[in-house]
Amino acid sequence: MDEKEKVFGDNQIPDNGADNEKDSFEEKDGVKYETNDNWEFEAEAPTLNDDMFAMTDYLLSKSGQENSDSQINMGEYISAEQTTEEKPKKNMKLVKIITLSVFAVIIVAIATVFTVRWFTVPNGKEGKMMNPASVAATVDGEKISLGMYNLYFSSVVSQYEQYANYGYYNLDTTADYATQYTTDKDGNEISWLDFFQQETINQIKMYSAYYNAAKKDGITLTAKQQETIDTQLDGLKESASEQGKALDDYISSVFGDYCTAETVQLYMEQFYMSVNYRGKFAVETTVADDEISKYFEENKSKYYQINMSYLACEYDSSSDEAKAASEQKIKDYMSQITDRQSILDLVPTAYADYIEQDTQTAMQYDSSLTEEDARKQALESYEQNIDGVIYGSDSPFSDEINNWLFDEAQPTGTIKYYINEETGYAYIILKTEQATCVEDETYTVRHILIMPETERLDAEKDENGNTIFNEEEWAAAKTKTEEIYKQFTDGDKSEYSFALLAEEHSTDTASTSAGSGTAFGGLYEGVPLGQMVPSFEGWATDKSRQYGDTEIVESDYGYHIMFFISDRPSYQSQIVADIRNEKLDELIENAELDIHESVVKKANDKFLADKKAAQSQSAE
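In this text the structure is predicted, and so the values were computed from the model without any measurement. Residue positions are given per chain, counted from 1 along the sequence in the order it is written. Predicted model: local features are reported for residues with pLDDT of at least 70 only, side-chain atom pairs are reported and counted for 80 or more only, and whole-chain, interface and lining totals are derived from all residues. In computing side-chain properties, one takes all heavy atoms of the structure into account and sets aside hydrogens as well as water.

Right, let's talk about the overall build of the protein for a bit. Only runs of H or I of at least four residues qualify as helices and only runs of E of at least two qualify as strands under DSSP, and these elements are numbered from the N terminus. Along the backbone of the protein there are 21 helices and 16 strands. Within the protein, buried positions represent 39% of all 620 residues. The Shrake-Rupley method, run with a 1.4 Å probe, gives the accessible areas here. Residue values count only the displayed protein chains as cover. Carbon together with sulfur atoms contributes 47% to the accessible area of the protein, which is approximately 34900 Å² in total. Throughout this description, buried means an accessible area under 20% of the type-specific maximum (1.4 Å probe, protein chains only), exposed means over 50%, and partly exposed covers the range between.

Across the sheet, 3 strands lie side by side as E4-E3-E16; this open sheet has antiparallel pairing. Since the sheet does not close on itself, it has two edges, and those belong to strand E4 (142–145) and strand E16 (593–595), each with one partner. Geometrically, the sheet is characterised by an average inter-axis angle of 25° between neighbouring strands, direction not taken into account. By definition, two strands form a pair when at least two bridges between them are found by DSSP. In this structure, strand E3 (residues 135–139) lies alongside E16, joined through 3 bridges in antiparallel fashion. Each residue of the ladder has a partner; that of Ala-137, found in E16, is Ile-595. Set on the sheet, helix H7 (residues 192–216) makes contact with E3, E4 and E16; between it and E3 the angle comes to about 50°. Helix axes are fitted only over the stretch in contact, all axes being lines through C-alpha atoms; the angle between N-to-C directions runs from 0 to 180 degrees. Pairs of residues are marked as contacts when any of their non-hydrogen atoms sit within 4.5 Å.

A separate point is the nonpolar core. Residues enter a nonpolar core if they are buried and are Ala, Val, Leu, Ile, Met, Phe, Trp, Tyr or Cys, with the set joined through side-chain atoms within 4.5 Å. Membership of the largest hydrophobic core comes to 59 residues, with the highest contact counts inside it found for Tyr-149, Tyr-177, Phe-196, Ile-251, Phe-255, Val-264 and Tyr-277. Residue assignment for this core shows that the elements contributing at least two residues are E3, helix H6 (146–165), H7, helix H8 (223–242), helix H9 (247–255), helix H10 (261–284), helix H20 (570–590) and helix H21 (597–619). Not counting chain neighbours up to four residues away, the residues in contact with Tyr-277 comprise Tyr-210, Ala-213, Ala-214, Ile-219, Leu-584 and Leu-587. Among the nonpolar cores identified, the runner-up in size contains 20 residues, and Ala-350, Tyr-351, Ala-378 and Ala-426 belong to it.

You will see that Asp-140, though not glycine, has its phi angle at about 55°, which is positive. By secondary structure assignment, the location of Asp-140 is in the loop between E3 and E4.

Before going further, it helps to spend a moment on the pattern of salt bridges. Every case where a carboxyl oxygen of Asp or Glu lies within 4 Å of a side-chain nitrogen of Lys or Arg is listed as a salt bridge. A full pass over the atoms with the stated rule returns 24 salt bridges. As a salt-bridge pair, Lys-606 and Asp-257 come within 2.9 Å of each other at their nearest N and O atoms. With Lys-606 in helix H21 and Asp-257 in the loop between H9 and H10, the pair connects residues that are 349 residues apart, well separated along the chain. Within this structure, Asp-542, Arg-545, Asp-549 and Glu-551 form a network of salt bridges that share partners.

Read these as geometric descriptors, not functional statements.
Shown next, in the form of structure tokens:
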């Protein structure tokens, strides 16, 4: 795993003394910003006509005058003989004036350099130490540094590059992202570079909005979250040391220019604070039954599912001729499809190349496998994948196909096709039944898992590689569980208190922020039957359960302190989650975002330049 996969007051502006400073800068929130948005990072030497140099002349003239009578003729001073007693006094005075003038020049020059750099060169700092040149955007008035933008940007690009390498996106990771195109969420064609910028800004806005709201709500990091952040930073320090680099230099080489240890720490703090905020929001946002019913009536199609059968075939969009050939192949297949069996009959032909590849791969991994058996297994695998379930809230097809599938007026047995040029596939879809509401039973609970622990080096393992604990170790786990349970029952017995205890004590990282996702507080929401161990599920699906019920349940994994929330049909559990998410989305939508376009553009240009340079060096 590389480093990118591992990881998330007012400025004091130097005063140059210029009377016309207000013409170049405007003040906002106590900070002066340059009104010209076309600045460069590199400090350029001002010309003689620049206002700063005009002000320098003004300062020099002021420093060379003690009063209106002190006018110095430099030519006279150089050539005159010192023959009178008054002369030395005049000369000493002049030496003093010259010394003051030189000193003033030095001071103004230093002030000029620092002022220019303050407004033109990012400093890689965060918070109050961040200079105006470092601000890539603001969210609700909170500044987002250029280093933070680069960190988010590198994370977004890395993620899409990984998926592209697996074939999920039509993206050439070796070519210029500014000249490759995809579609945004509104269906508009944009370059991949612009797409990455959009995704970066969206993520920055989302996490910043949550982070700002969390701070206002008094939410803090848990001890485990802080420990994780410290561990990640220690890992970066170790990596930097191994490469013989200073920490900030190493971080900027991995995550982007002006990204520092401060940036990485803030990045991770924002992530965990966002998780904590959303977790508390989920606890405090209750959804009444009448609200669920109303939402369902207004959004019925989202909560229906439909079974269908399909055939996938490659679609070449590289030229008009290639498109025509691909569409003709689609029509040929469609002419042969009348029912599910006819799709099954086409599998050997439509997937011939894939079946052959899987056959050869299987034989390489298992030398005892005959070609006939390997081919049979590959064929069966593709035959088993001609059926699919489409949910109205998460259809992989276009709105046109989605509406057709879920339209009760459209009879079963009808066929349509959908082309995804980005993935390079076309899907021929057979409607095999009408849509139905998803009413499978689900339940929502929180739990705190306490597993036994051992220090025995010779502890046995079961057939799955799990440690076999002895009676003393189980007893210790039970005692610890009872202590935590008592801590909860002695408190306010609220769901949020339970969630915080889960964050502190639970060893089930999949349901807490200790995992790699966004879970919080031991929550399992909308769980279908058959997903959990029997004792866990049996307790959760007991029809006598009421909100807030708690109990200790034992399983093969350890002891579970359970907290019951609800037992609902699948679509209702989804509605509760959707209503809550819509309210969270309002927070993001209402956040005030201000992008400093010139800073972002320069960051993107630098990214492309670095990418080209790296590719050129690799080619050599």
